[in-house]
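Chain by chain, the residues:
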Protein chains: 2
Amino acid sequence: MKIGIYGYGNLGKGVEYCAQQNPDIEVTGVFTRRNPESVKTALGAKVYSAEDVLKYKDVIDVMIICGGSATDLPKITPMLAKDFSVVDSFDTHPKIPEHFNNVDKSARENNTLALISAGWDPGMFSLNRIYAESILPYGKTYTFWGKGVSQGHSDAVRRIEGVLDARQYTIPKESALNSVRSGENPELKTRDKHLRECFVVARDGADLQSIEAQIKNMPDYFANYDTVVHFISAEEMAKNHSELPHGGFVIRSGKTGENNSHSHTIEYRLTLDSNPEFTAGVLIAAARAVYRKKNRGETGCITLFDVAPADLALDTAENLRKKLL
Amino acid sequence: MKIGIYGYGNLGKGVEYCAQQNPDIEVTGVFTRRNPESVKTALGAKVYSAEDVLKYKDVIDVMIICGGSATDLPKITPMLAKDFSVVDSFDTHPKIPEHFNNVDKSARENNTLALISAGWDPGMFSLNRIYAESILPYGKTYTFWGKGVSQGHSDAVRRIEGVLDARQYTIPKESALNSVRSGENPELKTRDKHLRECFVVARDGADLQSIEAQIKNMPDYFANYDTVVHFISAEEMAKNHSELPHGGFVIRSGKTGENNSHSHTIEYRLTLDSNPEFTAGVLIAAARAVYRKKNRGETGCITLFDVAPADLALDTAENLRKKLL
């Protein structure tokens, strides 16, 4: 199957790397809104102008859209779904129903198939929530994020006067994790679940106390959390904080049996060196499923909830049963 | 939907309890090969003779078969699939392809739908293996079992001369777990992965040294493991070892990106107070999927690999996307 990569930032590059690990997948090209000649791909994929994308309508089986959820995907996914079967990693949770409806309309009208919100959350975490709740209906599900870099929070710190660079790590609190794992089904406030740790490079002579106070009191982003702020040098930032690790936990504990006296805990944990590269792995598997389902005549918008796991896998159904069941 | 429970041991009872937690499911009755009058159900489900099962052919939507994998399921699942859509928890891994083919033939010839091997391994662990390998193709998957009671190993110890009762716990070795979690992708021998701990009630005057030696040297079951044997009283056995806890881990670590320099770890962990009751939860969710897929015209044999997660869940697709995606 032939894929196109629409957008070539960290995520698009991750898709190019991941495609190489999948022998059934070939990258037809990367589509960029920048000047194609200015983009150099990691593994030599061809680069085309986004304006020329329709020329590849009959060549590309699935277009993987690698854009941001804030402004790119809400426009680009419905637009490209008119001419391509597509996959995206739309991750603004409250806006998923709206995005789904927009993409579904576009895909249905044009007989294409679109899969949205493939990644780790939404994505693998969502799958673990739905499986866990289906098999343990009487219980409670908790999602923790981190330890990892939150790009939105890092950006928010960077916008403060006197800040040259910043990296924010979201860290789940061990006490909360242990309470959840024990089956206590605690009521956890925002502050109980996660700690926020910021590494900040400040301009020479900046008022560090004021910067720290502005961070800690920032509504929505930090005010409801315990926040730790470290001021570091630009060199230390470059040396120790240049990667984009992330991860987290989905934990459900539930009760069964006589008087609900038996407790069960399901824990799913991701520890990722590179958030975009792991997301790329989910996008590639989702693209494989879209290709197969499209060939079976399915159209409209779907999510990973609608995909049988066998459709994500490279191997035959018979081998999968033999080796992995 | 109306379910039947065929077989009423620990697993059948677990299904009866779990059905109560699912408002869309009604238990039509329990079918037993014993004298129905001798069977008292936990929540009052009606008990019928297994011989009368065909009388309920048009009443029951899905039959959940709660039998052992050694001798029961290989016969009963293909037999019942002639007249019912069925679910079982067949768990003899090497014989899954053969069992699948037998059930598939029976189901196809009679236009029924059968789902086999629903439980936690095979079952939830299998799902985690297939998802993890699909999204991280370059990597290695490890499965650990325990801490939990292995019924087969407990039975093997009970067959030793002088043993009145025995319980065997399979325990994953922390050193192996940590090595796997670190992304080292170690080569692990049988002895490296699991420890076996036995609690034994011996007859008065029995030769304890001989019993211990017979356990530790038993081929296949214990000889390739580090095994610890404790002799305890019947009272202590009844007090501390009457439950059937189990659980385990599926861990995949994989590499991505430039020179495969980024490492990722996916860990799925189950901690179960009651092995049969958790398995029952998976069987119930699988029965829901079978009911829906049968109504869409599907026939033959399937596994959880062929089931889209949304088909396992009680809620509507729209709500699932809103709440769990």
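Residues numbered from 1 in each chain as written. Chains lettered and ligands numbered in written order. Predicted model: local features only at pLDDT ≥ 70, side-chain atom pairs only at ≥ 80, totals over all residues. Heavy atoms only, no water.

**Considering the overall build of chain A**
Right, so step 1: When its secondary structure is counted, chain A shows 11 helices and 14 strands.
Right, so step 2: Taking 2.2 N^0.38 as the reference for a compact globule, 325 residues should give roughly 20 Å; the C-alpha atoms of chain A span a radius of gyration of 22 Å, in line with that estimate.
Right, so step 3: Here chain A holds 325 residues, and the buried ones make up 58% of them.
Right, so step 4: The contacts in chain A between residues at least 6 apart in sequence include a share of 69% that link residues at least 24 apart. (Helix = DSSP H or I, 4+ residues; strand = E, 2+ residues; numbered from the N terminus. Rg over C-alpha atoms; globule rule 2.2 N^0.38 Å. Buried < 20%, exposed > 50% of the residue type's maximum accessible area, 1.4 Å probe, protein only. Contact = heavy atoms within 4.5 Å.)

**A short note on empty space enclosed by the protein**
Right, so step 1: Within the structure shown, the criterion is met by three cavities of 30 Å³ or more.
Right, so step 2: Its boundaries defined by the atoms lining it, the largest cavity holds a volume of some 50 Å³.
Right, so step 3: Around the largest cavity sit M124, L127, N128, Y131 and Y268 of chain A together with M124, L127, N128 and Y131 of chain B, which together line it.
Right, so step 4: At the level of secondary structure, the elements contributing two or more residues to the lining of the largest cavity comprise α4 (124–135) of chain A together with α4 (124–135) of chain B.
Right, so step 5: When the residues that make up the lining of the largest cavity are grouped by side-chain class, the tally is seven nonpolar, two polar and no charged. (1 Å grid on protein atoms, 1.4 Å probe; cavity = no way out; pocket = protein on both sides within 12 Å on 5 of 7 lines; lining within 4 Å. Points joined across faces, edges and corners; volume = space filled by probe spheres on them. Nonpolar A, V, L, I, M, F, W, Y, C, P; charged D, E, K, R; others polar.)

**What to know about the interface of chain B and chain A**
Right, so step 1: Chain B puts 64 residues into the contact, and the matching count from chain A is 64 residues.
Right, so step 2: Buried surface at the junction of chain B and chain A, both sides included, amounts to about 5700 Å², of which 63% is carbon and sulfur.
Right, so step 3: Between the two partners, chain B and chain A, sit zero salt bridges.
Right, so step 4: On inspection of chain B and its partner chain A, the count reaches 28 residue pairs in polar contact (both at pLDDT 80 or more).
Right, so step 5: Counting residues per element, the ones that place at least two in the side of chain B that touches chain A are α3 (96–109), α4, β12 (246–256), β13 (262–272), α10 (275–295) and α11 (317–323) of chain B. (Buried area = accessible area lost by both parts, 1.4 Å probe. Salt bridge = Lys/Arg side-chain N within 4 Å of Asp/Glu carboxyl O. Polar contact = N/O pair within 3.5 Å; in protein donor to acceptor, adjacent residues only side chain to side chain.)

**Some remarks on the pairing of strand β9 (residues 163–172) of chain A**
Residue and element names in this part refer to chain A.
Right, so step 1: The element β9 is extensively covered by neighbouring structure, given that eight of its 10 residues are classed as buried.
Right, so step 2: Sheet topology places strand β8 (residues 148–149) next to β9; two bridges connect them, and they run antiparallel. Bridging across to β9, G148 finds its partner in T170.
Right, so step 3: As paired elements, β9 and strand β10 (residues 194–202) share nine bridges and run antiparallel to each other. Across the sheet, residue A166 finds its bridge partner in β10, namely V200. (Pairing = 2+ DSSP bridges.)

**Considerations on the pairing of strand β13 (residues 262–272) of chain A**
Right, so step 1: The buried count for β13 of chain A comes to nine of 11 residues, which makes it a mostly enclosed element.
Right, so step 2: Connecting the antiparallel pair strand β12 (residues 246–256) of chain A and β13 of chain A is a turn made up of five residues, with G257 of chain A showing a positive phi of about 85°.
Right, so step 3: Bridging between β13 of chain A and β13 of chain B involves nine bridges; their strand directions are antiparallel. Along β13 of chain B, the bridge assignment pairs I266 of chain A with L270 of chain B.

**Concerning the side chain of S117 of chain B**
Right, so step 1: Checked against the element boundaries, S117 of chain B lands in the loop between β6 (113–115) and α4.
Right, so step 2: If we skip the residues at most four places from it in the chain, S117 of chain B touches L325 of chain A together with D88, S89, F90, I96, P122 and G123 of chain B.

**Regarding the environment of A19 of chain B**
All names here are of chain B.
Right, so step 1: You can see A19 is positioned in helix α1 (residues 10–20).
Right, so step 2: For A19, a relative accessible area of 3% puts it in the buried group.
Right, so step 3: For the pair A19 and L283, spaced 264 residues apart in sequence, the C-alpha separation works out to 9.8 Å.
Right, so step 4: Apart from the residues lying within four places of it in its own chain, the contact partners of A19 are I3, I25, V27 and I284.

**Quick word on the sheet that holds strand β2 (residues 26–32) of chain B**
Residue and element names in this part refer to chain B.
Right, so step 1: If you walk across this open sheet you meet the seven strands as β3-β2-β1-β4-β5-β6-β14, and the pairing is parallel. Every interior strand has two partners, whereas the edge strands, β3 (47–49) and β14 (300–302), have only one.
Right, so step 2: Across three bridges, the pairing between β2 and β3 is parallel. The partner of V30 across the bridge, within β3, is V47.
Right, so step 3: In the packing of α1 onto the sheet, contacts are made with β1 (2–6), β2 and β4 (62–65), and the angle to β1 comes to roughly 160°.
Right, so step 4: With respect to the sheet, α10 is in contact with β1, β4, β5 (86–87), β6 and β14, its orientation differing from that of β4 by roughly 150°. (Axes fitted to C-alpha atoms, helices over the stretch in contact; angles between N-to-C directions.)

**Overview of the relation of the copies chain B and chain A**
Right, so step 1: Of the transformation superimposing chain B on chain A, the axial component is 0.0 Å and the angular component is 180°, with the fit at an RMSD of 0.0 Å. Such a combination of rotation and displacement between the chain copies is what one expects of a two-fold axis.
Right, so step 2: The share of interface residues of chain B whose copies in chain A are also at the interface is 100%, consistent with both copies meeting through the same surface. (Least-squares fit on C-alpha atoms with pLDDT ≥ 70 in both.)

**What to know about the sheet that holds β10 of chain A**
Residues and elements named next belong to chain A.
Right, so step 1: An order of β8-β9-β10-β11 is seen for the four strands of this open sheet, with the pairing classed as mixed. Strands with a single pairing partner mark the edges of an open sheet, and in this sheet they are β8 and β11 (226–231).
Right, so step 2: Here helix α5 (residues 151–158) sits on the sheet in contact with β8, β9 and β10, set at roughly 145° to β9.
Right, so step 3: Across the sheet, helix α8 (residues 208–216) lies against β9, β10 and β11, angled at about 150° from β11, the strand it touches most.

**Comments concerning the domain arrangement of chain A**
Residue and element names in this part refer to chain A.
Right, so step 1: Domain annotation of chain A identifies domain 1 (2–120 + 276–323) and domain 2 (124–273).
Right, so step 2: A straight line from the C-alpha centre of domain 1 to that of domain 2 covers 28 Å.
Right, so step 3: Each partner contributes residues to the interface: domain 1 has 10 residues there, and domain 2 has 13 residues.
Right, so step 4: For the pair domain 1 and domain 2, the summed buried area comes to about 980 Å², and 78% of that belongs to carbon and sulfur atoms.
Right, so step 5: On the domain 1 side of the contact with domain 2, W120, F278 and F305 bury the most area, a combined 65% of that side's loss.
Right, so step 6: On the surface where domain 1 and domain 2 come into contact, there are zero salt bridges.
Right, so step 7: Applying the counting rule to domain 1 against domain 2 returns three residue pairs in polar contact (both at pLDDT 80 or more).
Right, so step 8: For the side of domain 1 that touches domain 2, the element with the highest residue contribution is helix α10 (residues 275–295), accounting for three residues.
Right, so step 9: The residue makeup of the side of domain 1 that touches domain 2, split by class, is seven nonpolar, three polar and no charged. (Domains from an automatic or database assignment.)

**Some points on the packing of aromatic side chains**
Right, so step 1: Under the defined criterion, the tally for this structure stands at 13 aromatic pairs over all chains.
Right, so step 2: Seen in terms of ring centroids, F31 of chain A and Y56 of chain A are 5.4 Å apart; in terms of plane orientation they differ by 65°. Their pairing is edge-to-face. Linking F31 of chain A in strand β2 (residues 26–32) with Y56 of chain A in the loop between β3 (47–49) and β4 (62–65), this pair joins segments that are 25 residues apart in sequence.
Right, so step 3: Classification of F31 of chain A as buried rests on a relative accessible area of 1%.
Right, so step 4: Lying over the aromatic face of F144 of chain B, K193 of chain B brings its terminal NZ or CZ to 5.1 Å of the ring centre.
Right, so step 5: The cationic tip of R196 of chain B hangs over the ring face of Y225 of chain B; the distance from NZ or CZ to the ring centre is 4.1 Å. (Phe/Tyr/Trp six-rings, centres within 6.5 Å; stacked < 30°, edge-to-face > 60°. Lys NZ or Arg CZ within 6 Å of the ring centre and 35° of its normal.)

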